[in-house]
Amino acid sequence: PNTPTLTAGSRSYVYWRRWEAVFASLVDLCADGVQPDVISYSNVFEACEPNARWRTAVDYLSVMLSDRIEADAIALSTISWGCAFAQRWEQSTFLLDSMRGRGMSVSTITYDSAMVACAPDWERAVAALGALCRVRLEPSAVSRDVILTSCARARKWQQAAKLLSSMGLQHLELDAATARMAGIPP
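Residues numbered from 1 in each chain as written. Predicted model: local features only at pLDDT ≥ 70, side-chain atom pairs only at ≥ 80, totals over all residues. Heavy atoms only, no water.

Caption draft 1: Looking closely at helix α4 (residues 54–66). When the terminal C-alpha atoms of α4 are compared, their 19 Å separation across 13 residues agrees well with the 18 Å that a helix rising 1.5 Å per residue should span. Among all positions of α4, only W54, A57, L61 and M64 are buried. Down the axis of α4, the buried set is contained in an arc of 70°. They therefore lie on one face. Every exposed residue of α4 that faces more than 90 degrees away from the buried side is listed here: R55 and S66. Residues of α4 that are buried in the fold lie against α3 (38–48), α5 (73–85) and α6 (89–101). (Helix = DSSP H or I, 4+ residues; strand = E, 2+ residues; numbered from the N terminus. Expected span 1.5 Å × (residues − 1). Buried < 20%, exposed > 50% of the residue type's maximum accessible area, 1.4 Å probe, protein only. Arc of directions from axis to C-beta. Contact = heavy atoms within 4.5 Å.)

Caption draft 2: Fine view of unusual backbone geometry. Despite not being glycine, R136 shows a phi value in the positive range, around 65°. Take R136: its relative accessible area is 75%, and that puts it in the exposed class. Of note, the phi angle at R155 is positive, near 60°, even though the residue is not glycine. Assessed through its relative accessible area of 72%, R155 is described here as exposed.

Caption draft 3: Examining the layout of surface pockets more closely. Considered as a void within the structure, the largest pocket measures approximately 160 Å³ in volume. For the lining of the largest pocket, the elements supplying multiple residues, two or more each, are α5 and α9 (141–153). Per-element tally for the lining of the largest pocket: the top contributor is α9, with 6 residues. Grouping the amino acids of the lining of the largest pocket by side-chain chemistry returns 7 nonpolar, 3 polar and 2 charged. (1 Å grid on protein atoms, 1.4 Å probe; cavity = no way out; pocket = protein on both sides within 12 Å on 5 of 7 lines; lining within 4 Å. Points joined across faces, edges and corners; volume = space filled by probe spheres on them. Nonpolar A, V, L, I, M, F, W, Y, C, P; charged D, E, K, R; others polar.)

Caption draft 4: Summary view of the pattern of salt bridges. A full pass over the atoms with the stated rule returns 4 salt bridges. Across the pair R102 and E70 runs a salt bridge whose closest N-O atoms are separated by 2.9 Å. Highlighted residues: R102 in the loop between α6 and α7 (108–118) and E70 in the loop between α4 and α5, separated in sequence by 32 residues. Overall, the relative accessible area of 39% leaves R102 in the partly exposed class. The partner of D97 in a salt bridge is R100, with the nearest N and O atoms 2.4 Å apart. Here the residue D97 and the residue R100 both occupy positions in helix α6, the gap between them amounting to 3 residues, near one helical turn. Looking at R100, the relative accessible area reads 34%, which means it is partly exposed. (Salt bridge = Lys/Arg side-chain N within 4 Å of Asp/Glu carboxyl O.)

Spelled out as structure tokens, the structure:
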């Protein structure tokens, strides 16, 4: 067996959300004497994301780096989303800062993961949005929805509307759930 063959096999496990099988395929890869690559590890990170296993993903990142396999933007963004879904803003923003510090290409999607992680604290979420704007990336509908929802929960929706308007995001169409959360009539 070779890395691409086993990596392709573990992708099907990711698709079917069988994270245990993804881990087992990585162990099998190593047991067969095949060196895993960043894609092999990324499958593990992706399998961890919907299963609230952010800590496992971070542990595997450490293993990957100790194996001298360079993390790419996709791998780190995937872990960042896992941290976001678990509302682990410290880890999500650390990964974002790490990516920027390494000179990696960071997309709006990665900043969105940090905003989602920070959403329980509206000021942190707004700070993550500010960081996105400082690097001249275009905020997305996710960016807008996270800010509106976060600020609305803190009863700061006027600040969110003003901020989004100043950024030119008022043209993005609100979905019904976000509009309800922000107290905006349909």
